[in-house]
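# An overview of the molecular structure
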Amino acid sequence: MAEAHPVGFQWVMEARKRGAKVFHVDPRFTRTSASADVYLPIRAGTDIALLGGVINYILTNELDFREYVLAYTNAATIVSEDFVDAEDAEGLFSGFDPATGSYVQDSWQYAGHERDSGSGHTATARETAAGLRHESHGAPIAGQVERDETLQHPRCVYQILKRHFARYTPEMVQRVCGLPPEKFLELARAWTQNSGRERTGCLIYSVGWTQHSVGVQYIRTGAIIQLLLGNVGRPGGGVLALRGHASIQGSTDIPTLFNLLPGYLPMPHHAQHPTFDDWVNAIRHPGQKGFWGNARAYAASLLKAYWGEAATPDNDFCYGYLPRLTGDHGTYQQVLDMIDGKIRGYFLLGQNPAVGSAHGRAQRLGMANLEWLVVRDLFMIESATFWQRGPEVATGEIVPQECRTEVFFLPAASHVEKEGTFTQTQRLLQWREKAVDPPGDARSELWFFYHLGRRLREKLAGSPLPRDRALLDLAWDYPTHGPHDEPDAEAVLREINGYDIATGRPLAGFAEARDDGTTAVGCWIYAGVYADGVNQAARRRPGGEQDWVAAEWGWAWPANRRMLYNRASADPQGRPWSDRKRYVWWDESAGRWTGHDVPDFEVTKAPSYRPPPGASGPAALAGDDPFVMQADGKGWLYAPSGVLDGPLPTHYEPAESPVRNPLYGQQGNPTRKTYRHPVNSVNPSPPQEHSQVFPYVFTVSRLTEHHTAGGMSRTVAPLAELQPEMFVEVSPELATLAGLNHLGWAHLVSARAVIEAKVLVTDRLVPLRVDGRVIHQLWLPYHFGFEGLVTGDSANDLFGITLDPNVLIQESKIGTCDVRPGRRPTGAALGELVDDYRRRAGVTPGAVPPAVTPGVPIGPPGSGGDGEGNG
Amino acid sequence: MVDAQGRPGGPATPAAPPPGDPAAGAGWVDAPPRMGFFTDTSVCIGCKACEVACKEWNGVPTSGLDLLGMSYDNTGALTANSWRHVAFVEQPRPAGHRGGSEPTEAPASGATEFLGMPAAGPPGRTGTAEGRSDFRWLMMSDVCKHCTQAGCLDVCPTGALFRTEFGTVVVQEDICNGCGYCVSACPYGVIDRRVDDGRVWKCTLCYDRIGAGLTPACAQACPTESIQYGPLDELRERAAARVATLHERGTPEARLYGHDPHDGVGGDGAFFLLLDEPEVYGLPPDPQVTTRDLPKMWQRAGVAALAMAAGAVVAFLGGRR
Amino acid sequence: MSPERPPVGERFRREMSGGRRGRGDAGLTVPPAEFTSYYGRPILKPPVWTWEIAAYLFTGGLAAGSSLLAAGGQLTDRPAVRRAGRVAALAAITASAGLLVKDLGRPERFHHMLRVAKPTSPMSVGSWILAGYGSAAGVAAIAEAAPLLPERGPLRLARRALPPLGRAAGLAAALTAPALGTYTAVLLADTAVPSWHEAYPHLPLVFGGSALASGAAVGLIAVPPAQAGPARRMAVAGAALELYGAHQVETRLGLLGEPYRTGRAGRLLRAGRTLTAAGVAGAVLAGRNRTVAALSGAALLAASLATRFGVFHAGVVSARDPRYTVLPQRERLARRRAAEAPDG
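Residues numbered from 1 in each chain as written. Chains lettered and ligands numbered in written order. Predicted model: local features only at pLDDT ≥ 70, side-chain atom pairs only at ≥ 80, totals over all residues. Heavy atoms only, no water.

Attention shifts here to the nonpolar core. Residues Phe 37, Leu 161 and Ile 191 of chain B together with Trp 49, Tyr 133, Leu 180 and Tyr 260 of chain C are the most contacted members of the largest nonpolar core, which totals 174 residues. No other element matches the 12 residues that helix α2 (residues 51-75) of chain C contributes to this core. Excluding anything up to four places from it in sequence, Tyr 133 of chain C contacts Ala 63, Ala 64, Ser 67, Ala 89, Ile 93, Ala 173, Thr 176, Ala 177 and Leu 180 of chain C. (Core = buried A, V, L, I, M, F, W, Y, C linked by side-chain atoms within 4.5 Å. Buried < 20%, exposed > 50% of the residue type's maximum accessible area, 1.4 Å probe, protein only. Helix = DSSP H or I, 4+ residues; strand = E, 2+ residues; numbered from the N terminus. Contact = heavy atoms within 4.5 Å.)

The structure is reproduced here in structure tokens:
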């Protein structure tokens, strides 16, 4: 965190000054470790084993916050008797369908609900990264559930959880993670002792947790601990995601993703959602509990914002104009399609995949096989010049004279050269003013897209073709100003907020959205950011002039609520759990919820409220169901649906690992997304043969001095000079073993690429003893590329393409490699070296290791397995 | 007192300045309180924002693109082109880190001296990997000390260096002729001549900013308040309290550096909280302003000059041949 | 990487490798470093002064010695001695000014040296000494040209006025010469450079003696042996001062004497000592032989040059190696702590 989020880390330092104890778990000793009280070196890719150990510690010693767990989580809920845990099946849960490599979830459901799990089969969900939708709400669950308030029922979640993690003992943590038991226990003790009625603990993770083939399950494991300890919905608690850039939260809220529309409305699927009603009903699940009942209003208002007057109830608000999903259109599938010549043009904005994405060579080869490519960036980045100066030019794979891609480079305005909002990890929108005019031809994204749309519409004007109607009917009328006709960013914010079409009055909140075409809302969860016609995101009342929640600084979605599920900060009767941790509570005399924050609950629903039989929507939630976006109002220790790779987190080894999974027969995540493409190869892992050809583990991350793929830092002298060369960090032991010298050269080889780097020998990396073996880990920054003031080989070139099944995020925090002293070969010899390694490792390009480890028994896919997969 | 001798004084004020009030000593009337930096290295996270902010604000040119292999320090030292320098020291924790032994008896490094240059071997050899978990990474943002008795200011022959009303020491770039005397006179190795420019440059404590009531760029950018700016008296009090807190919390090696008005340079305007011996960070353990000995030097030179004259006289009178 | 400027690292490594030399030498007065440095990096900035300053130490001394010689010749009526001294002084002081200006980072701003007069800055004091001495030595030397002026015409007056002016100027130059010859020792000593600073009690003797000897050398080379008796005696006096001073420097400074004994500085200083001895011996034993006298003079000049460069380099070495900064300061601290410690 200190390394990649130094500004946010000031609050950790502040907490430390006040006596807080900071633990840091990382494969290498970083700037964060330097400022922590305890540093725990860990084998990369084993976090579930570590956190599972903590869960086991909590459950074995009964250290959970029992009242909270019982009332607010699904611990007491009884699970179907069809469910078979990974614990009992060598690492596979019941319902695995080997044909599609995904689960049928029927057997995971709560008892009595096996048939109404919705889709059941998760193959399509995986293709479309459906897990992303749950950013704002839980997966569906219908009807009432069986509970055992004593938590003794063998099939209640609590007992399943206990059995599932029983083997995650301190000794097992040591075997898997390489962490001494006393260090582990120090962590587990500190975490549990600082949670409960009087105290709360918070868990912070960054992108390093998400970029794994089991990334979602890492975060699930953390969330389970926080739920068990009562650290969710309470001040000082939570699971905090640190984003990789400014406003990454904003770019999922109003997404730059293929499968989502603003406000986490799913992109319609051509087969599943042929009509507006099909689509809307798939979101709101008629008859279900919770707050998604109004999805129709959000969807209609979004389409009204898109197509204005053309969108009417009679034509389903132009639903037909919306593009449809046909399968996986994720970035990695796109790149492979480019290589295969299936994609003709590409817009690249604020992204540098030639350096920043896994398998850089595939990225560059893909982009070199387009007809046109538009790159908008602050500087001339690698993704704009790969055809001329990329490493593939040196190896002859790209010939500049023959490269067919026409690249249009358009200079972009930086964040200080334009106005708009950033949305940070707390869902807080903060308005920025423009400080200076952009230089030369540089323009904002807003300017670019507005004028691109305007010109396209001018060119198409009068077109009789039906396919052009979607563009021509757009409501594309933003006021502009200045010499370059810059669109007014506040006008866009007003549209995002939503307004009453007849009067133009900005909506005060999403409750005012209508499904009859009288409101237009660009992003329903942002409704209220422009309430009363005031830019609420621009509020900057200093912290000293308001209470500690600081509700008048910026604006948080939804409804300026600073903490989600804050009903959980009060006990089931609505009283604060403790005076120290009071936040939101029930005011009996006033008959309403009150507190420091906007209550995340129907304000007049008493704690004693119980839903009448047959209720649906919000009315079906009881007065002590704080997790209002969850279908059962509970925090899910066990996820009967919504997570595609298992209802409980399970330690799987990374797709590339030198270690055989010590916990289960199943080696890797059986549902991980892989691509059989000649450009893609995977290094062998046990029990496959030849894994020793790539004996070392490498992991990549950021340096404080640089920003992601370096486009904004390697190009700027005062930053570039601070870390002027690509390097690899190795332990003294590995340096001796591999013959590496401090500041000498080394090259690293994987089945995809070979890159070179200067060697930094440092005690900050420690070889770990894992299951009787010594595991050496190397660390690389991924900032370097061939453009800019400082250049170097790209670490991401080493990675292959293996994705998390839930959200299609690539495993780019861990891989295996070999390291050799000296510089890498150049030209044809470079390819030969990689070929030689592939030959020795028995790797055939395009072949993917089996999803299920040979020898692991596979049960029947389950009764609901009628296979919607496009396998 | 040494102050009385060899002080620059400015033409108008030959009298000794009151201790700790160099601005008044330099002839400023009704000077504002002396301003300075307190750099608390115990909360430095090594982000180098200070280096970058300083360069951006002061228009300091690049100091070169070269990987030094000194942990994450690629700046190397305070130079004409780096007015803030973040030092990075990787080392095993000092014995008794959590114990409570005398700080002066807990020199961190003891065992080894790493000379840190290419092929000289990896940094901080500590034997086995197992013994390496108690490891620490010290970070420290160094800067010009703005000494009470500033050697650079004393020896400057042109008056280019001057004492500001805030008690800081600043180079006037339109006066400096690059004689380089100050470079050798600085006991901290701070001030430096810029190769392609010929003049000397160093931290001005953002004279332009503080004159306008702003905080210096580095302190403004520091995310963890490792660099604190303010009236020196206040900073000294704050620093003493911080050391006491750290001692209480089991960090006996915390100590202040440059805070003492009775040290060899009369105390620094920019002082530090360190977690190890000064030389570990590249600081001199007991710096002294060179001009403190200047009267004795002139005395010895006078004796030698007389001897020289006497030698000549004797040579001519000593014989008739 | 900018092509016009060498990277910092290169610069550091160069300084480093300079600093490392002599580390393995036998005969260290202290055991090898027992402290942790910051990657072996110098704490101090090595002087940015280059060879010009070392050369100036020599030419300044030569000017001072020559002016004393000239004044002696003037007062004892040895015209050849006077003439040689005055001419050499002007030449040396002109070279000095050139060297000093050349070493400035901004040579065109050399006149800023006379903006202020600062007693705390030996360079400021030196600038004023140089200004005063330089004018006097200049006039004195020009006066030697009086006989070359026409006896008639407008320059007639100058021809007549110059000799008395020259006499006054020659005496003025001689009066300031000892200051010129010794202030340079303060110039070096009044720095944070450990081996220069700590040598402050002895350096003036070395420099004064060396100046005297080089002045004497002018006499030995340019003056017929018959008139060169005082020059020979001056050589002996100068050599004595210099050798005594150098001995003190090398033996009284503890660890900080080491740079004067080892490496390039040590070799230069040994060469200087040998040449001084040879020059004095030649002058005293066979000074009446014109050739031997001239050779002896040359030896003394070379000796002075070597000594100045030796002292200069020793300082640079001591600034480059953090050992010379840290260890003496640590000792000083330890002494102070011991003294402060309560008795019993």
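Before going further, it helps to examine the domain arrangement of chain B. Residues and elements named next belong to chain B. Splitting chain B by domain gives domain 1 (30-93 + 134-290) and domain 2 (292-321). A C-alpha centroid distance of 43 Å is found between domain 1 and domain 2. In this assembly, seven residues from domain 1 lie in contact with four residues from domain 2. Carbon and sulfur atoms make up 27% of the area that domain 1 and domain 2 hide from each other, which totals about 340 Å². Considering only the side of domain 1, the residues that lose the most area to domain 2 are Gln 288, Val 289 and Thr 290, jointly responsible for 74% of the buried surface there. Applying the counting rule to domain 1 against domain 2 returns zero salt bridges. Across the contact surface, domain 1 and domain 2 share five residue pairs in polar contact (both at pLDDT 80 or more). Residue composition of the side of domain 1 that touches domain 2, grouped by class: two nonpolar, four polar and one charged. (Domains from an automatic or database assignment. Buried area = accessible area lost by both parts, 1.4 Å probe. Salt bridge = Lys/Arg side-chain N within 4 Å of Asp/Glu carboxyl O. Polar contact = N/O pair within 3.5 Å; in protein donor to acceptor, adjacent residues only side chain to side chain. Nonpolar A, V, L, I, M, F, W, Y, C, P; charged D, E, K, R; others polar.)

Residue and element names in this part refer to chain B. Feature annotation in UniProt places "binding site: [4Fe-4S] cluster 3" (unreviewed entry) on Cys 144, Cys 147, Cys 152 and Cys 186, given in this structure's numbering. In summary, the annotated positions, though distributed over 43 residues, converge in three dimensions, the widest C-alpha pair being only 11.1 Å. Mapped onto the elements of the fold, Cys 144 is located in the loop between β3 (135-143) and α3 (151-155). Residues in contact with Cys 144, not counting those within four places in the same chain, are Leu 78, Trp 83, Val 190, Lys 202, Cys 203 and Ala 270. Here Cys 147 shows up in the loop between β3 and α3. With sequence-adjacent residues up to four places away left out, Cys 147 is seen in contact with Arg 34, Arg 163, Val 169, Tyr 188, Val 265, Gly 267, Asp 268 and Gly 269. (UniProt positions renumbered as here; feature names shortened; annotations may be inferred.)

What follows deals with the interface of chain B and chain A. Where the parts come together, the accessible area they lose is often given as the size of the interface. Taken together, the contacts link 49 residues of chain B with 50 residues of chain A. In total, chain B and chain A occlude about 3,700 Å² of area from one another, counting both sides; carbon and sulfur atoms represent 58% of this. At the boundary of chain B and chain A, one finds four salt bridges. We note a salt bridge from Arg 764 of chain A to Glu 90 of chain B, for which the minimum N-O separation is 2.8 Å.

This part is about the pattern of salt bridges. Tallying each qualifying case throughout the model produces 72 salt bridges over all chains. In this structure, Glu 602 of chain A engages Lys 605 of chain A in a salt bridge whose closest nitrogen and oxygen atoms are separated by 2.9 Å. A salt bridge links Glu 250 of chain C to Arg 273 of chain C, with the nearest nitrogen and oxygen atoms 3.0 Å apart. You can see Glu 250 of chain C sitting in helix α8 (residues 229-252) and its partner Arg 273 of chain C sitting in helix α10 (residues 263-286), a full 23 residues away along the chain. The exposure class assigned to Arg 273 of chain C is partly exposed, which follows from its relative accessible area of 30%. Within this structure, Glu 3, Arg 28, Arg 31, Glu 705, Glu 729 and Arg 764 of chain A together with Lys 48 and Glu 90 of chain B form a network of salt bridges that share partners.

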